[in-house]
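For reference, the chains in residue letters:
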Amino acid sequence: MNSKVKGYIFGVLAAATYGMNPLFALPLYDEGLNANSVLLLRYFAALPILWAMIAMRGRSLKLRRCEIVPLVALGLMMGLSSYGLFASYTYMDAGVASTLLFVYPLMVALMMAVIYHERLSAQTLVCLTVALCGIWLLSRNSAGVTLSAAGIGWVAVSALSYAIYIVAVNRIPAMRGMPTLKLTFYVLLFGLTIFASKALADNSLQLPSSPGSWACVGALALLPTALSLTLTTVAIQYIGSTPTAILGVFEPVTAVIFGITVFGETLTERQTVGLVLVLAAVTVVVAGGNLTHHLIRLKKMFPSLRIGKK
């Protein structure tokens, strides 16, 4: 098996494991735990896993003074993004919420254009329009009933916070060159302060009451957090960041599959079309010029085809 095949496999597994968030979060909600408690436990349980991974690689967790403030800011953005997504699960189907979240690459493109004056291509503008159409279709079911405004609002907060996080990671000089595991460890550590502060302020911390629920907490920390991060890093090393990002479309797809098969969620024809439009638009934006390159390579595989000619 060559390195590219391995990279694609790791990329798919990374996206699929991240899409398992609802699989382990929703049973905790059913037990009565609130979103803040679930996230506090998830982040807290993931820290020792990441620490062990860093220690096994012989890396240091020592920080320079110039790295502390940026890491705190990034942690707050990541924590807010996580809270927004998990809060949305209480208002709408997890599969729909995960799909709406996947508009964050479009937000990144807009932010880079507005703030850093990067050129916004016609392709991106078309994709933005297609994605908005998809979101509109997703927001209403076949009976014309609109999805919860609160749920859509929380997903928007989650997507925007994550978009800011992505832009900041790439633009803050102090973050360049920092090992991924070390960066993620501190992002989770400082993000944890949001959930800990809220739990202390309103005394809202809730703990699982059964071994099965604690197993869900452990699975949340291991699969969508530590394992997904590791697989993503390996995939990037094998095939690069752009193909790995494209494979991220498996995140909402996985969430939709689990939502339907495990939790009995339904997806109407209208919402299915909306889901496909959102995923297609975001995939084209993330792929960028590489999409044209891959299409040309595909055409070369079938030289006998003469499109548009008789």
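Placed above this text is the structure.
Residues numbered from 1 in each chain as written. Predicted model: local features only at pLDDT ≥ 70, side-chain atom pairs only at ≥ 80, totals over all residues. Heavy atoms only, no water.

Visitor: How should the overall build of the protein chain be read in this particular structure?
Guide: The number of helices and strands found in the protein chain is 14 helices and 0 strands. In the protein chain, the succession of helices and strands from N to C terminus is α-α-α-α-α-α-α-α-α-α-α-α-α-α. Per-residue burial over the protein chain gives 47% buried out of 310 residues. Working note: accessible area of the protein chain is about 15600 Å², and carbon and sulfur atoms make up 67% of it. (Helix = DSSP H or I, 4+ residues; strand = E, 2+ residues; numbered from the N terminus. Buried < 20%, exposed > 50% of the residue type's maximum accessible area, 1.4 Å probe, protein only. Areas by Shrake-Rupley, 256 points an atom, 1.4 Å probe, with all protein chains shown as cover.)

Visitor: Teacher, can you tell me more about the nonpolar core here?
Guide: Proteins that are soluble and globular tend to have nonpolar side chains buried together. Of all hydrophobic cores here, the largest spans 75 residues; its most connected members are L74, F86, Y89 and L183. Ranked by the residues each element gives to this core, the list is headed by helix 3 (residues 35-56), at 11 residues. Contacts of Y89, omitting those with residues within four sequence positions, involve N21, P22, A25, L26, Y29, A94, A97 and S98. Core analysis: the second largest hydrophobic core is formed by 5 residues, V108, M112, A163 and V167 among them. (Core = buried A, V, L, I, M, F, W, Y, C linked by side-chain atoms within 4.5 Å. Contact = heavy atoms within 4.5 Å.)

Visitor: Would you take a moment to explain a nonpolar patch on the surface for this structure?
Guide: A cluster of nonpolar side chains, namely M1, V5, I9 and L13, defines an oily patch on the protein surface of about 370 Å² accessible area. Among the structural elements, L13 can be located in helix 1 (residues 3-18). Judged by its relative accessible area of 40%, L13 is partly exposed. (Patch = residues over 30% accessible without salt bridge, like charges linked within 9 Å, V, L, I, M, F, W, Y side chains within 5 Å. Salt bridge = Lys/Arg side-chain N within 4 Å of Asp/Glu carboxyl O.)

Visitor: What am I meant to see in the pattern of salt bridges here?
Guide: Pairs can form between side chains of opposite charge once their charged atoms are near each other. Applying the stated rule across the entire model yields 2 salt bridges. Note that R64 is salt-bridged to E67, the shortest N-O span being 3.0 Å. Across the pair D202 and K198 runs a salt bridge whose closest N-O atoms are separated by 3.0 Å. In this pair, D202 and K198 are both assigned in helix 9 (residues 180-202), 4 residues apart and thus about one turn of the helix distant. Classification of D202 as partly exposed rests on a relative accessible area of 38%. For K198, a relative accessible area of 32% gives the class partly exposed.

Visitor: Is there a simple way to explain helix 7 (residues 122-138) in this structure?
Guide: Note that an α-helix has 3.6 residues per turn; residues three or four places apart therefore point the same way. For helix 7, with 17 residues, the first-to-last C-alpha span of 24 Å sits near the 24 Å given by 1.5 Å per residue. Buried within helix 7 we find T124, C127, L128, A131, G134, L137 and L138. (Expected span 1.5 Å × (residues − 1).)

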